[in-house]
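In case you want the letters, here they are:
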Amino acid sequence: MIKFTVITCTFNAEEVVERTLDSVLDQTYSHLEHLIVDGASKDRTVEMAEQYKAKSDAEDHCHDVIISSEPDKGLYDAMNKAVARATGDYVLFLNAGDVFPSPDTLETVAESVGDGEALPAVLYGDTDIVDMDGRFLRHRRLSPPKRLTWRSFMKGMVVCHQAFYARTDLAKANPYDLSFRYSADVDWCIRIMREARRRRLPMRNVGAVVVNFLDGGMTTANHRASLKERFRVMCRHYGFVATALMHAWFVVRSFTKK
């Protein structure tokens, strides 16, 4: 059976982290490790993580919970540290505040992997947006295609980062580029998919919602800077002309919808 490495990067996240920890604890799939990489929080985040680990041990879960807390150079640096420590077949990111939609989410994802075949490079699914109380707000505007390729992101980030499960060996070989502050996840996903194409590895749509994403977040709070940076990412992978034409189409589309 495949093993998942769930990665939660935190910094002063005491208001939202408990729901994420409980969500992982409730997973019925036993072959997983949970890496909590904290950036030296000043609040109760680490204390709450330790309580979660103790609860997991006491209830005899087969989940390995590993906690570290030290200063870092930001979210993507923390993610790189976590990927370097991962021992699962796949890595997935569940940020503080985000949750699995149901206790059998990882069971569903694992069942999408066929027996006796090469492990897909990427397993991916749909995303729902929820509020602070976990109430459904809407489906994510961009939805994943039935067949994902590295060119799919020309139309935007059609798969949410938290719904993108990457094979660990590919993730370790393609760390996040720290020159990007807000859009390194977009660049990372594209590089993983390009590597999948080079190795002729499949990417599989799970056909289910695999994450409830908390409305807001770092990219939302820095929307303008994120868009500028995302343009640079797309130019890197698709070229300036193709990126400029695609963005011109985005503008035209936004006006025609009004």
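Everything below is about the structure printed above this text.
An account of the accompanying structure is given in this report. Worth saying up front: this structure is predicted, and the values here are computed from it rather than measured. The residue count restarts for each chain, going from 1 along the sequence in the order it is written. At least 70 in pLDDT is required for a residue's local features to be given in this predicted model, at least 80 for side-chain atom pairs to be given and counted, and no such filter applies to totals for whole chains, interfaces and linings, which use all residues. Water and hydrogen atoms were dropped before computing side-chain values, which therefore reflect all heavy atoms in the structure.

## Quick notes on the overall build of the chain
Here's step 1: Helical segments are the DSSP runs of H or I of at least four residues, strand segments are the runs of E of at least two, and each set is numbered from the N terminus. Across its full length, the chain carries nine helices and eight strands.
Here's step 2: The size measure is the radius of gyration over C-alpha atoms, and the globule rule it meets is 2.2 Å times the number of residues to the 0.38 power. For the chain, whose C-alpha radius of gyration is 18 Å, the value lies close to the compact-globule estimate of 18 Å for 258 residues.
Here's step 3: Along the first, second and third principal axes, the C-alpha set of the chain runs to 55 × 45 × 35 Å.
Here's step 4: Residue burial is assigned from relative accessible area. The probe radius is 1.4 Å, only protein chains are included, and a residue is buried under 20% of its type maximum, exposed over 50%, and partly exposed in between. Residues counted as buried form 50% of the 258 residues belonging to the chain.
Here's step 5: Contact definition: two residues touch when any of their heavy atoms are within 4.5 Å. Contacts in the chain between residues at least 24 apart in sequence constitute 79% of all its contacts with a sequence separation of at least 6.
Here's step 6: Only four residue types enter the charge count: Lys and Arg as positive, Asp and Glu as negative, with His and the chain ends excluded. Each charge is placed at NZ for Lys, CZ for Arg, CG for Asp and CD for Glu. The average position of the 35 basic charges and that of the 35 acidic charges among the side chains of the chain differ by 14 Å.

## Considerations on the pattern of salt bridges
Here's step 1: Counted as salt bridges are all cases of a side-chain nitrogen of Lys or Arg within 4 Å of a carboxyl oxygen of Asp or Glu. Summed over the entire model, instances satisfying the criterion amount to 14 salt bridges.
Here's step 2: Here Asp-215 and Arg-138 are joined by a salt bridge, their closest N and O atoms 3.3 Å apart. Here Asp-215, found in the loop between strand 8 (203-214) and helix 7 (218-221), pairs with Arg-138, found in strand 6 (residues 136-139); they are 77 residues apart in sequence, far enough to count as distant.
Here's step 3: Assessed through its relative accessible area of 41%, Asp-215 is described here as partly exposed.
Here's step 4: Connected via shared salt-bridge partners are Arg-167, Asp-169, Glu-195, Arg-198 and Arg-199.

## Re helix 1 (residues 17-25)
Here's step 1: Of all the nine residues making up helix 1, seven are buried; the element is thus mostly covered by neighbouring parts of the structure.
Here's step 2: Listed in full, the buried residues belonging to helix 1 are Val-17, Arg-19, Thr-20, Leu-21, Ser-23, Val-24 and Leu-25.
Here's step 3: The inward-facing, buried residues of helix 1 contact strand 1 (4-10), strand 2 (32-38), helix 2 (45-58), strand 5 (122-130) and strand 8.

## Let's talk about the packing of helix 6 (residues 184-199) against helix 8 (residues 223-238)
Here's step 1: Here the axes come from fitting lines to C-alpha atoms, over the contacting stretch only for helices, and the angles between their N-to-C directions go from 0 to 180 degrees. Direction vectors running N to C along helix 6 and helix 8 enclose 20°, while the axes themselves pass 9 Å from each other. When the axes of helix 6 and helix 8 are compared, the pair comes out roughly parallel. With respect to the hand of their crossing, helix 6 and helix 8 are arranged in right-handed fashion. Here Ala-184, Val-186, Asp-187, Ile-190, Arg-191 and Arg-194 of helix 6 come into contact with helix 8, specifically with Glu-229, Arg-230, Val-233, Arg-236, His-237 and Tyr-238.
Here's step 2: Each residue is assigned to one class: nonpolar for Ala, Val, Leu, Ile, Met, Phe, Trp, Tyr, Cys and Pro, charged for Asp, Glu, Lys and Arg, and polar for all the others, Gly among them. Grouping the amino acids of the contact of helix 6 with helix 8 by side-chain chemistry returns five nonpolar, one polar and six charged. Should an angle fall under 35 degrees it is taken as roughly parallel, and over 145 as roughly antiparallel, whereas 65 to 115 is taken as roughly perpendicular and any remaining angle as oblique. Handedness of a crossing follows from how the near helix is turned relative to the far one, being left-handed for an anticlockwise turn of less than a right angle and right-handed for a clockwise one.

## Brief notes about a negative patch on the surface
Here's step 1: Exposure above 30% relative accessible area and the absence of a salt bridge qualify a residue for a patch, where like charges join within 9 Å and nonpolar side chains (Val, Leu, Ile, Met, Phe, Trp, Tyr) within 5 Å. Note on areas: Shrake-Rupley with a 1.4 Å probe; residue coverage comes only from the protein chains shown. A contiguous patch of negative charge on the surface is contributed by Glu-18, Asp-22, Asp-26 and Glu-59.
Here's step 2: Looking at the secondary structure, you find Glu-59 in the loop between helix 2 and strand 3 (64-69).
Here's step 3: We classify Glu-59 as partly exposed; its relative accessible area is 44%.

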